Amino acid sequence: MRVSDLGLQQILFQGFQQAQGAAQTRQIQLSSGDEFQTYGEYGADALRLISAEGVVTRANAFETAASAALTRLETQGVGLELIGEAINELRATFSRTLATGNAELLFPDIENAAQRTVAALNVDFGGVFVFGGADGTTPPVTAATLEEIAATPLSSLFNEGDRLNLAVEEGVFIDGGPRASDAASGLFAEFQTFAEAQEALGPFSGNLTDEQRAFLVDAASRLGAISDALIQEQGLSALAQGQAADAVERNARARDLAEIVAADIEDVDIAEALSLLNQDQLAIQASAQALAQATQLSLLNFI
Amino acid sequence: MGGLTVALNTALSGLFAHQQAIAATSENIANVNSADFSRREANFFTDAIPNQFAGVSVEIARAGSNRFLQSAGFAAQADAGALNAIADALANVEASLGAPGDNLDFANALNEAYASFAQLSAAPNSIAARAVAIADLDAAFNAFSRTLDAIDSEVSASDARIETQTARANALLENIFILNQIVSDEGGAGDAIDAAVRELSTLLNISVSRADDGRVTVATADGQVLAGPGGFSALSFAGGVSGQIALANVDPETGVVSSAQTDITAVVTAGEIGGLVQVRNSELPVLRAAVANAAQLTADDINNAYALNASVGATGPATTPLIVVANGGFSVNASIAADPAQLAIARPTAGQPGGANDGSGAGAIAALGDAPSAGTAADAVTQIGAASQIAGERRAAAEVFANDLETRRLSESGVNLDEELSNLILFQRAYNANARVIAAVDELYQTVLNIL
């Protein structure tokens, strides 16, 4: 079979181009680390790749959200602990006062407990008042002192939103912890009762009267119930903290799994790509030499 | 003396014949790299008159192409041209998606937006988180719009290209008609016709028939004459919804195009024009519908979820949609985008004030990442990628096939330098031999004249 010179050159040039194209593909693979550069090249795996990337993106977001929720709940936990300590110290003060019959230090301790409670409830983390419920933009307790607490109706003492639910996983919400009113409305009512008792039963200074003693016995009992309610909120908060911590881990696992799936699809095998690049470069050299020889064919040397 | 004259004439005819053969070989060598050149062949014939003359004559002819290879080559060129146009258009649309990992495509951008809403649900008081969620949602619908715009641009570009290539096809058809008038008289006209027909075959699918005198008739696949010895036609393209290719006769004398047109869209199935028509009438509309459907389903899902949300202090659900659909475009509600505080992310219960920006509503939007509409968006991205990839692979296969056929055709009608070298030596030696005979006759004449 005869072969025309132009046809031969075309065949050799196509071979040269193919070798160049293959080498370029390998070089892009090595520089990007990706098997392919377009969705089309992944074929049906493109859908899996997009889904896996979506899971990675959302799992990352929920991991961040769950971490933020955990931080919020932990901050609340510290606040609840401080309030619990204030209640326990108040109960100890009541017991001591009843035991000694001397109420000289009673109200300073109540004042101190009230201020510590307000400070614990108005704590903010990153600009968010964690006991403000869904609305954490303003301090949830409007009063600062025992006197202000006593002077303000209970319904106006709290400036807060609804009890918050926090998204920690795809479709999973956990309790966002107690609001200021959930944690301390009973205690604040008790503070107001103290103030009213002072008005009705006379100032708590010096030795206790029988009426004052009877009031303190009842108040100590009510503080016990308030403490029990607070412990229940602490339990719920601890449960939510555990849920948030678990969610952080589950989100990380989901992200890691999705990243493995995505990597299996899109990551190039570096060793294979390097080997193929070497072959392609040899092919380029060979086809370039053949093409050069073919294009130098001339009759001039023979004439 | 009569015998010497016969010998002289015979040698002279051989001299002239081989001179033409050498000239033809030189032309072959000079055109070794000319794409549409068919090599010239020297065919020698005995040319004798008894007792007077016993010489040779030569006919220089174009090497005939294998007709089967040639028509198969035209069909392959047409297929390659069509698939090239389709692959280019779809690759441009695919480019609007960005590379995998860039997260520029609408499916990944939606995932980013849903992720931002997830973060917002954990920080419902944060204006910054609201702004990020809105911006990401806007980016997702911008990505939808970018791909829709890319598809629309490709339709426009295809229309412009069809106009250009239709004009080129018309020029080639007129050229073929003109060359048909002179092909029997001029050898070069045959090469010019081949070149014109070959270029035409890259523009649309044609069937070609040849007369013995070299004249060609070019017709559509269903036999409607495009150009022939008797006249030629002109193609026209109507853009818009119809995307129709029409054919009309041209008066060869005046160049006036007849107003009577025939719709040949259905038979123009290959060539660059056929490919462009196919991509703007079929391929791109299908992809556009898939993307628009995904965008609409996503917008509906988001708006339905958003309609159950409430703003700060509201006692009822949001009344304005989050995603506005207008004139086929999608965008985040401008008033909400301008003031992120308006974004309703609470979920009121039992008519109670939502009041407090509980992030449950944002969480409900984030949960749409698992909704069927998200799958539809991912599927649309995959569909575009797959269409582009398939078109690219088909183009590569068609080009290989067309190149192979072209190489085979060239093997028969192209120039081979080794062959030309041996022919050249052969013709030169024959030329020299004839020259020696003439010299010998001359010596004999001198001898005879001296004797006299």
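## Quick notes on the overall build of chain A
Piece 1. Along its length, chain A carries 9 helices and 4 strands.
Piece 2. The helix and strand sequence of chain A, counted from the amino end, reads α-α-α-α-β-β-α-α-β-β-α-α-α.
Piece 3. Relative to the 2.2 N^0.38 estimate, which gives 19 Å for 303 residues, the radius of gyration of chain A is 38 Å and therefore markedly larger than a compact globule would have.
Piece 4. Considered along the principal axes of its C-alpha atoms, chain A spans approximately 140 × 25 × 25 Å.
Piece 5. Counting the 303 residues in chain A, one finds 39% classified as buried.
Piece 6. Taking the intrachain contacts of chain A between residues at least 6 apart in sequence as the baseline, contacts between residues at least 24 apart amount to 78%.

## Some details on the packing of helix α2 (residues 67-95) of chain B against helix α9 (residues 372-413) of chain B
All names here are of chain B.
Piece 1. Closest axis-to-axis distance for the α2/α9 pair is 7 Å, and the angle between their directions is 155 degrees. In terms of orientation, α2 lies roughly antiparallel with respect to α9. The two elements α2 and α9 meet at a crossing, and its hand is left-handed.
Piece 2. Of the residues assigned to the contact of α2 with α9, the class counts are 17 nonpolar, 7 polar and 8 charged.

## Here's the deal with the nonpolar core
Side chains that are nonpolar tend, in soluble globular proteins, to be buried together.
Piece 1. Formed by 138 residues in total, the largest nonpolar core has its most connected members in Ala65(A), Ala69(A), Val168(A), Ala244(A), Ile176(B) and Val381(B).
Piece 2. Among the elements that take part in this core, helix α4 (residues 127-182) of chain B stands out by supplying 18 residues, more than any other.
Piece 3. In contact with Val168(A), other than residues within four places in its own chain, are Phe62(A), Ala65(A), Ala66(A), Ala69(A), Ile174(A), Gln243(A), Ala244(A) and Ala247(A).
Piece 4. Core analysis: the next-biggest nonpolar cluster, separate from the first, contains 37 residues, Ala86(A), Leu90(A), Phe94(A) and Leu230(A) among them.

## What about the sheet that holds strand β6 (residues 231-238) of chain B?
Note: strands within a sheet are paired through backbone hydrogen bonds, in either parallel or antiparallel orientation.
Residue and element names in this part refer to chain B.
Piece 1. Read across the sheet, 6 strands follow the order β3-β4-β5-β6-β7-β8 without closing on themselves; strand pairing throughout is antiparallel. One side of each edge strand has no neighbouring strand; the edge strands of this open sheet are β3 (207-210) and β8 (262-263).
Piece 2. Note: β3 against strand β4 (residues 216-219), 4 bridges, orientation antiparallel. By the bridge assignment, Ser209 is partnered in β4 with Thr217.

## A look at the pairing of strand β5 (residues 225-228) of chain B
Residue and element names in this part refer to chain B.
Piece 1. As paired strands, β4 and β5 are joined by 2 bridges and run antiparallel to one another. Paired with Val218 across the strands is Ala227, a residue of β5.
Piece 2. With antiparallel pairing between neighbouring strands as the criterion, β4 and β5 make up a hairpin whose turn holds 5 residues, including Gly223 at a positive phi of roughly 95 degrees.
Piece 3. Turn length for the β5-β6 hairpin, with the two strands adjacent in sequence and antiparallel, is 2 residues.

## As for the interface of chain A and chain B
Buried accessible area, meaning the area lost when the parts come together, often serves as the stated size of an interface.
Piece 1. Across the contact, 53 residues belong to chain A and 52 residues belong to chain B.
Piece 2. Elements with a minimum of two residues in the side of chain A that touches chain B: α1 (5-32), α2 (39-42), α3 (45-100) and β3 (165-169) of chain A.
Piece 3. Counting residues per element, the side of chain A that touches chain B draws most heavily on α3(A), which supplies 16 residues.
Piece 4. Here the residues of the side of chain A that touches chain B are counted per class, giving 24 nonpolar, 19 polar and 10 charged.

## Comments concerning helix α3 (residues 106-122) of chain B
Piece 1. The end-to-end C-alpha distance of α3(B), which contains 17 residues, comes to 25 Å, matching closely the 24 Å that a straight helix rising 1.5 Å per residue would cover.
Piece 2. Of all 17 residues in α3(B), 17 are buried; the element is thus mostly enclosed.

## So, the pairing of β6(B)
Residues and elements named next belong to chain B.
Piece 1. Examined bridge by bridge, β5 and β6 share 2 bridges and lie antiparallel to one another. Residue pairing in the sheet places Gly228 in a bridge with Gly231 of β6.
Piece 2. Two elements, β6 and strand β7 (residues 244-250), share 7 bridges in a ladder whose sense is antiparallel. Along β7, the bridge assignment pairs Leu235 with Leu247.
Piece 3. Two successive antiparallel strands, β6 and β7, enclose a turn made up of 5 residues, where Gly240 displays a positive phi of approximately 70 degrees.

## Thoughts on the packing of α1(A) against α9(B)
Piece 1. Put simply, α1(A) and α9(B) touch, their axes get as near as 8 Å, and they point 155 degrees apart. Compared by their axis directions, α1(A) and α9(B) come out roughly antiparallel. Seen along the crossing, α1(A) lies across α9(B) with a hand that is left-handed. Between α1(A) and α9(B), the residues in contact are Leu6(A), Gly7(A), Gln10(A), Ile11(A) and Gln14(A) and Asn403(B), Thr407(B), Leu410(B) and Ser411(B), respectively.
Piece 2. Taken together, the residues that form the contact of α1(A) with α9(B) break down as 3 nonpolar, 6 polar and no charged.

## What to know about the environment of Thr117(A)
All names here are of chain A.
Piece 1. Residue position: Thr117 is located in helix α4 (residues 106-121).
Piece 2. For the pair Thr117 and Gly84, spaced 33 residues apart in the sequence, the C-alpha separation amounts to 8.9 Å.
Piece 3. In contact with Thr117, not counting residues within four places along its chain, are Ile83, Ala86, Ala184 and Leu187.

## As for helix α10 (residues 417-451) of chain B
Piece 1. Between its first and last C-alpha atoms α10(B) spans 51 Å; for 35 residues at 1.5 Å apiece the expected length is 51 Å, and the two agree.
Piece 2. Listed in full, the buried residues belonging to α10(B) are Glu420(B), Leu424(B), Phe427(B), Asn434(B) and Val441(B).

About the thresholds
Residues numbered from 1 in each chain as written. Chains lettered and ligands numbered in written order. Predicted model: local features only at pLDDT ≥ 70, side-chain atom pairs only at ≥ 80, totals over all residues. Helix = DSSP H or I, 4+ residues; strand = E, 2+ residues; numbered from the N terminus. Rg over C-alpha atoms; globule rule 2.2 N^0.38 Å. Buried ≥ 20, exposed ≤ 12 C-beta atoms within 10 Å, placed from the backbone. Contact = placed C-beta atoms within 7 Å. Axes fitted to C-alpha atoms, helices over the stretch in contact; angles between N-to-C directions. Parallel < 35°, antiparallel > 145°, perpendicular 65-115°, else oblique. Left-handed = near helix turned anticlockwise from the far one by under 90°. Nonpolar A, V, L, I, M, F, W, Y, C, P; charged D, E, K, R; others polar. Core = buried A, V, L, I, M, F, W, Y, C linked by C-beta atoms within 7 Å. Pairing = 2+ DSSP bridges. Expected span 1.5 Å × (residues − 1).

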